[in-house]
Amino acid sequence: MTEDVRNIALGVVAVAIGALIGWFARTYLWNSKLRRKQAFFGLPDNSESLLVVNRDGGGPDLSVKRHDVFALLELSAIIKDCGAHAQVIAHDMARQGFGERTEFCVGGPASNRRMAAHMHSLLPGIRVNADPEPGPDRGAFQIGSERYRLEPGKSEYVIVARLTAGQEQDARPVFLFCGQLPVTNQAATRYLARNHERLARKHGGNTFVLLLKVVNSQAYGPDVVELVGDVTRAAQAPAPAPVASRGAHRAK
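Residues numbered from 1 in each chain as written. Predicted model: local features only at pLDDT ≥ 70, side-chain atom pairs only at ≥ 80, totals over all residues. Heavy atoms only, no water.

*Asks:* Quick question: what am I supposed to make of the overall build of the chain here?
*Replies:* Within the chain, the secondary structure is distributed over six helices and 10 strands. Classification of the 252 residues of the chain by burial places 42% in the buried group. Long-range contacts, defined as pairs at least 24 residues apart, comprise 67% of the intrachain contacts of the chain with a sequence gap of at least 6. For the chain, the accessible surface area stands at approximately 13,500 Å², while carbon and sulfur atoms represent 55% of it. (Helix = DSSP H or I, 4+ residues; strand = E, 2+ residues; numbered from the N terminus. Buried < 20%, exposed > 50% of the residue type's maximum accessible area, 1.4 Å probe, protein only. Contact = heavy atoms within 4.5 Å. Areas by Shrake-Rupley, 256 points an atom, 1.4 Å probe, with all protein chains shown as cover.)

*Asks:* Looking at this structure, I do not really get the confidence of the model for the chain. What am I missing?
*Replies:* Predicted coordinates in regions of low pLDDT should not be interpreted in detail. Scored by pLDDT, the chain comes out at a mean of 82, with 79% of its residues at no less than 70. In this model residues 243–252 is a low-confidence stretch, pLDDT under 50, and it forms 21 contacts with partners more than four residues away in sequence or in other chains. (pLDDT = per-residue confidence, 0-100.)

*Asks:* Even after reading the chapter, I still don't get the packing of aromatic side chains, so can you show me in this structure?
*Replies:* Think of a pair of aromatic rings as described by two things: how far the centres are apart, and how the planes are tilted against each other in angle. Counted under the stated rule, the structure contains seven aromatic pairs. Ring geometry for phenylalanine 40 against phenylalanine 175: centres 5.9 Å apart, planes inclined by 55°, an arrangement best described as tilted. A residue pair is termed long-range when its members are at least 10 positions apart, and phenylalanine 40 in helix H1 (residues 3–41) and phenylalanine 175 in strand S8 (residues 174–179) qualify at 135 residues. Residue classification places phenylalanine 40 among the buried positions, given a relative accessible area of 3%. Lying across the ring of phenylalanine 40, arginine 162 places its NZ or CZ 5.4 Å from the centre. (Phe/Tyr/Trp six-rings, centres within 6.5 Å; stacked < 30°, edge-to-face > 60°. Lys NZ or Arg CZ within 6 Å of the ring centre and 35° of its normal.)

*Asks:* I'm lost on the pattern of salt bridges in this one. Help?
*Replies:* Side chains that differ in sign of charge can pair as their charged atoms come close. Evaluation of the coordinates by the stated rule reveals eight salt bridges. Among the salt bridges present, the one from glutamate 74 reaches arginine 190, with a minimum N-O distance of 3.0 Å. Separated by 116 residues along the polypeptide, glutamate 74 in helix H2 (residues 66–81) and arginine 190 in helix H4 (residues 182–203) bring together distant segments of the chain. When its relative accessible area of 17% is taken as the criterion, arginine 190 is described as buried. (Salt bridge = Lys/Arg side-chain N within 4 Å of Asp/Glu carboxyl O.)

*Asks:* Got a minute to help me understand the sheet that holds strand S3 (residues 102–106) in this structure?
*Replies:* Within a sheet, each strand pairs with its neighbour through backbone hydrogen bonds, oriented either parallel or antiparallel. Here we have seven strands laid out as an open sheet, ordered S2-S1-S3-S8-S7-S9-S10, and mixed in their pairing. Two strands lie at the open edges of the sheet, namely strand S2 (85–90) and strand S10 (225–230), each paired on one side alone. The sheet shows a mean angle of 20° between the axes of neighbouring strands, taken without regard to direction. Sheet topology note: the strand S9 (residues 208–215)/S10 ladder contains five bridges and is antiparallel. Opposite leucine 212, over in S10, you have leucine 227 as the bridge partner. Taken strand by strand, helix H3 (residues 113–122) contacts strand S1 (48–53), S3, strand S7 (155–163) and S8, and its axis lies near 105° from that of S8. (Pairing = 2+ DSSP bridges. Axes fitted to C-alpha atoms, helices over the stretch in contact; angles between N-to-C directions.)

*Asks:* I tried to follow the pairing of S9 on my own but got confused; where do I start?
*Replies:* Sheet faces and side chains relate simply in a regular strand, where the side chains alternate between the two faces. Within S9, seven of the eight residues are buried, which leaves it mostly tucked inside the rest of the structure. The pairing of S7 with S9 spans eight bridges and is classified as antiparallel. Its bridge partner being in S9, tyrosine 157 is matched across the sheet by lysine 213.

*Asks:* Can you help me understand a positive patch on the surface in this one?
*Replies:* On the surface, Arg36, Arg198, Arg201 and Lys202 cluster together into a positively charged patch. The biggest single contributor to the positive patch is H4, with three residues. Arginine 198 gets classed as partly exposed once you look at its relative accessible area, which sits at 31%. (Patch = residues over 30% accessible without salt bridge, like charges linked within 9 Å, V, L, I, M, F, W, Y side chains within 5 Å. Lys, Arg positive; Asp, Glu negative; His and termini not counted. Charge placed at Lys NZ, Arg CZ, Asp CG, Glu CD.)

*Asks:* Before we go on, may I ask you to explain the side chain of glutamine 186 in this structure?
*Replies:* Along the chain, glutamine 186 turns up in helix H4. For glutamine 186, the residues in contact, after removing those within four places along its chain, are His67, Phe70, Ala71 and Pro222.

*Asks:* I keep staring at the sheet that holds strand S5 (residues 141–143) and nothing clicks. Help me out?
*Replies:* Across the sheet, which stays open at both edges, the three strands sit in the order S4-S5-S6 with antiparallel pairing between neighbours. Of all the strands in the sheet, the pair left with one neighbour each is strand S4 (126–128) and strand S6 (146–148). Each strand of the sheet is rotated relative to its neighbour by a mean of 20°, with strand direction disregarded. With three bridges joining them, S5 and S6 adopt antiparallel strand pairing. For glutamine 142, the partnering residue across the bridge sits in S6 and is arginine 147.

*Asks:* Please clarify how the nonpolar core should be interpreted in this entry.
*Replies:* Nonpolar side chains tend toward joint burial in soluble globular proteins. Ranked by size, the top nonpolar core spans 27 residues in total, and within it Phe41, Phe104 and Phe177 carry the most contacts. At the level of elements, H1, S1, H2, S3, S7, S8, H4 and S9 are the ones that each hand at least two residues to this core. If you look at the next biggest cluster of nonpolar residues, it comprises 23 residues, including Leu50, Val52, Phe141 and Tyr148. (Core = buried A, V, L, I, M, F, W, Y, C linked by side-chain atoms within 4.5 Å.)

Next up, the structure:
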C-alpha cells in the first residue's frame, strides 16, 4: 500500500468515525430533549392521557367549538411527540381522581364541570364570573384582589396551569386551560406548546398558574399573547371576600 493510499484510507476512516460520533451526539441530545418533555408533561412512552372538553350547546352529542378543536389539535401534537396516547372525553363523563393519567382540561368552569371541580379544589383564589346576564363583569376573572374583565375581540384572559397537588413523584399532572372565550383556550395551548422548555427549566415538575392576555383576537386570532404574570400564590390562597370592581385591569 502506497503512502497516498494509506492517507486516503485513514481519511475515510476518520470521516466515518466523526460521522458516527456526530450521529450518537445528535441522538443523545434528541433523546435527552424528549425525556425532559415527557417528564414535564407526565407522558412517558406508551402512556395514556385524557383530553377533557365541554359539550357545545349542552346537547347530548360531543360537539366542540371550533377554537377548542384547534386547542385539542395543539395538545394532540404534544402527546404524539411524547409517544403517548390520548382519549377525548366530555367533561360530564370524567368521574375520577387525577394522578393516574396526565389530564388536559379545556374550557371555562361555566361549561366544563371538570374544570369547575379542579378550580374549586385546587385554585380557590380564582373566581370566574359565570353570570349569564349581560354586564361589565360578565366572564371576568378575579384573582386575589385583582379583577380582569373581558373585552371581546380586544382584551381577553386565560389561565394556564400545571397542577400536581403535592402528589407522589411519579403521579401525572393536570393541565388547565381556562379562558374567557374559546379563542383564548387555543392561544393558551399554543403558548404552552411553544414555551414548555422554558417553563420546565423555571418550574421543573412543580405546580404553576399563569395568567395570559390575548390581544386583539378579532385581528390576530390566538397568535398575539402576553404573559400578565405568575399568579400561583394568589390562585392557591383561600378566596378573598368580594370587592367592588375598579374597572378593567390594565396589564403592565
